[in-house]
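Coordinates in review
One letter stands for each residue in the lines below.
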Amino acid sequence: MIQEKGREETGFARRGDELPEGWEGEFAARLERQAALYTRLLELAREKRRILLAGPAGEDQARALELIVQEEQALIARCVALEREERALLEGLNGWNCKEMISCVPEGTERFQRLCRAVQELRQLNRENGEILKRFQRYVDFTVGLLEKEAASGTYRETGAGKGTVKRVAFNRSRISRQV
């Protein structure tokens, strides 16, 4: 069955006005799934920030960050899959676009705005978390630089020849890795 949404309801002129029956429910559900995914990503970004700002990371914090990143990767994969489905859906809908469809769904504009706010806040938190991580990286680089200078000066140790006899032991600089 085909349901018709005419220009008189939406004010949009389209190449075709026919949409499959029940599309509103499917589209609204898709918006809700996207909003839920991005809201969860936002919660994870907040938790990541809390962990990063807590100070020096131990094993527990590193594990917590690792779990967050794993969950983020899974959620992002689901977001990408939803967006692909949405593109495929829009390609078969007689010239309708997402903006027009949102305006035809009950509470569609509110749902879409909630999704946009979550995405914008997530973008900002990710940018700020990235800055925090860059600061940590600069601190690590500074500390490693100090260690390299200390290692370059050499270390002395006792030789087997007798008491009080020492020799200088040089360290290979490549042994200190800057990779995180």
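The coordinates are above.
Residues numbered from 1 in each chain as written. Predicted model: local features only at pLDDT ≥ 70, side-chain atom pairs only at ≥ 80, totals over all residues. Heavy atoms only, no water.

A few points about the overall build of the protein
Check the secondary structure of the protein and you find five helices and four strands. Seen in sequence order, the protein has helices and strands lined up from the N terminus as β-α-β-α-α-α-α-β-β. Long-range contacts, defined as pairs at least 24 residues apart, comprise 63% of the intrachain contacts of the protein with a sequence gap of at least 6. Counting every atom, the protein has about 12500 Å² of accessible surface; 53% of that belongs to carbon and sulfur. (Helix = DSSP H or I, 4+ residues; strand = E, 2+ residues; numbered from the N terminus. Contact = heavy atoms within 4.5 Å. Areas by Shrake-Rupley, 256 points an atom, 1.4 Å probe, with all protein chains shown as cover.)

Overview of the environment of alanine 62
Mapped onto the fold, alanine 62 is located in helix H3 (residues 59-91). The class of alanine 62 is partly exposed, set by a relative accessible area of 43%. Taking the C-alpha atoms as reference, alanine 62 lies 9.6 Å from leucine 52; in sequence the two are 10 residues apart. (Buried < 20%, exposed > 50% of the residue type's maximum accessible area, 1.4 Å probe, protein only.)

Description of the pattern of salt bridges
Within this structure, the stated rule accounts for 12 salt bridges. Where arginine 114 meets glutamate 32, a salt bridge forms, and the shortest distance between an N and an O atom there is 2.8 Å. Of this pair, arginine 114 sits in helix H5 (residues 108-152) while glutamate 32 sits in helix H2 (residues 23-53), placing them 82 residues apart in sequence. The exposure class assigned to arginine 114 is partly exposed, which follows from its relative accessible area of 39%. Assessed through its relative accessible area of 33%, glutamate 32 is described here as partly exposed. For the salt bridge of glutamate 131 with lysine 134, the shortest nitrogen-to-oxygen distance reads 3.6 Å. Here the residue glutamate 131 and the residue lysine 134 both occupy positions in helix H5, the gap between them amounting to three residues, near one helical turn. Linked by salt bridges that have partners in common, Glu26, Arg30 and Glu85 make up one network. (Salt bridge = Lys/Arg side-chain N within 4 Å of Asp/Glu carboxyl O.)

Some thoughts on H2
Compared with the 45 Å implied by 1.5 Å per residue over 31 residues, the 45 Å span of H2 between its first and last C-alpha is a close match. Immediately downstream of H2, the backbone of glycine 55 shows phi near 115 degrees, a positive value. (Expected span 1.5 Å × (residues − 1).)

Let's talk about H3
Over its 33 residues, H3 runs 48 Å from end to end, which matches the ideal 48 Å to within 8%, given 1.5 Å per residue. All of the buried residues along H3 are Ile68, Glu72, Leu75, Cys79, Leu82, Glu86 and Leu90. On the buried face of H3, the contacting elements are H2 and helix H4 (98-104).

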